[in-house]
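So you can see what is in the structure, the chains are spelled out below.
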Amino acid sequence: MIYYKVIKRKNPKDGTVKFYAQSKNQSYMTLDDVAENISRECTLTVHDVKAALSVLEEQVTLALYEGKSVRFGDLGSFHLTIKSRGVTNKADFKASDVKRVMVRFVRSRAMRSAFDLSNSKIKFANSEASTTTSGSSEVTPNA
């Protein structure tokens, strides 16, 4: 279930106010939670999975430090983006002009299609709406 709340936003250009959906996570999963779930699906122990995921995190960080992007098949890929101060002449640019380094995740085609609104598995619920007998007020996409 994808939960959302409805929030008010003001358009900075013309000052009009409209209401928009904003996704709302109900909770989060820890590394331990993910490891436990994976261990139930295969022959690895929770500790084996946690060790592998910890090393994976370290390896992704090291690869990004080396200027590489990291692709995870049908999940997506990680790469770095940089925000810097602008200079008038290319020769004047220094590494100190870099202001921020960000890690970006780009989902794969398979992941994009998994969350396409035409996917019948996607269900929405307003996290602030009154509950029904099923515990949520469901809204199907494109209905």
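You'll find the structure just up there.
Rules used throughout
Residues numbered from 1 in each chain as written. Predicted model: local features only at pLDDT ≥ 70, side-chain atom pairs only at ≥ 80, totals over all residues. Heavy atoms only, no water. Helix = DSSP H or I, 4+ residues; strand = E, 2+ residues; numbered from the N terminus. Contact = heavy atoms within 4.5 Å. Areas by Shrake-Rupley, 256 points an atom, 1.4 Å probe, with all protein chains shown as cover. Lys, Arg positive; Asp, Glu negative; His and termini not counted. Charge placed at Lys NZ, Arg CZ, Asp CG, Glu CD. Pairing = 2+ DSSP bridges. Axes fitted to C-alpha atoms, helices over the stretch in contact; angles between N-to-C directions. Polar contact = N/O pair within 3.5 Å; in protein donor to acceptor, adjacent residues only side chain to side chain. Salt bridge = Lys/Arg side-chain N within 4 Å of Asp/Glu carboxyl O. Buried < 20%, exposed > 50% of the residue type's maximum accessible area, 1.4 Å probe, protein only.

Chemist: Explain the overall build of the chain to me, please; I cannot follow it from the model alone.
Modeler: When helices and strands are tallied, the chain shows three helices and seven strands. Beginning at the N terminus, the succession of helices and strands in the chain can be written as β-β-α-α-β-β-β-α-β-β. Projected onto its principal axes, the C-alpha coordinates of the chain cover approximately 65 × 60 × 25 Å. For the chain, contacts bridging at least 24 residues in sequence account for 33% of all contacts bridging at least 6. Just so you have it, the chain exposes about 11500 Å², and 53% of that area is on carbon and sulfur atoms. Counting 23 positive and 15 negative side-chain charges, the chain places the centres of these two groups 11 Å from one another.

Chemist: Honestly, the sheet that holds strand β4 (residues 76-84) in this entry has me stumped. Any pointers?
Modeler: Neighbouring strands of a sheet are bound in pairs by backbone hydrogen bonds; such pairs are parallel or else antiparallel. Here we have three strands laid out as an open sheet, ordered β3-β4-β5, and antiparallel in their pairing. In this open sheet, the two edge strands, each paired with only one partner strand, are β3 (70-72) and β5 (98-107). In this sheet, adjacent strand axes meet at a mean angle of 25° when their direction is disregarded.

Chemist: How should I be thinking about the side chain of asparagine 119 in this particular structure?
Modeler: Along the chain, asparagine 119 falls in the loop between α3 (109-114) and β6 (124-126). A polar contact is formed between the side chain of asparagine 119 and the backbone nitrogen of lysine 121, at a distance of 2.8 Å. Those residues in contact with asparagine 119 that sit more than four places away from it in its chain are Ser113 and Ala114.

Chemist: Just checking my understanding: could you explain the pairing of strand β2 (residues 17-23) for this structure?
Modeler: Look at any regular strand and the pattern is simple: side chains alternate between the two faces of the sheet. With seven bridges connecting them, strand β1 (residues 2-10) and β2 associate as antiparallel partners. Note that in β2 the partner of valine 6 across the bridge is alanine 21. Connecting β1 to the antiparallel partner β2 that follows it, the hairpin turn spans six residues, and glycine 15 within it adopts a positive phi of roughly 80°.

Chemist: How should I be thinking about the pattern of salt bridges in this particular structure?
Modeler: When the charged atoms of two side chains with opposite charge come close together, those side chains can pair. If you walk through the whole model with that rule in mind, you get four salt bridges. For the salt bridge of aspartate 32 with lysine 50, the shortest nitrogen-to-oxygen distance reads 2.7 Å. Placement of aspartate 32 in helix α1 (residues 31-41) and of lysine 50 in helix α2 (residues 46-65) is noted, with a sequence separation of 18 residues between them. A residue is classified by how much of its surface remains accessible, and lysine 50, at 26% relative accessible area, is partly exposed. Measuring nitrogen to oxygen at the nearest pair gives 3.9 Å for the salt bridge that ties glutamate 36 to arginine 40. Here glutamate 36 pairs with arginine 40, and both are found in helix α1, just four residues apart, close to one helical turn.

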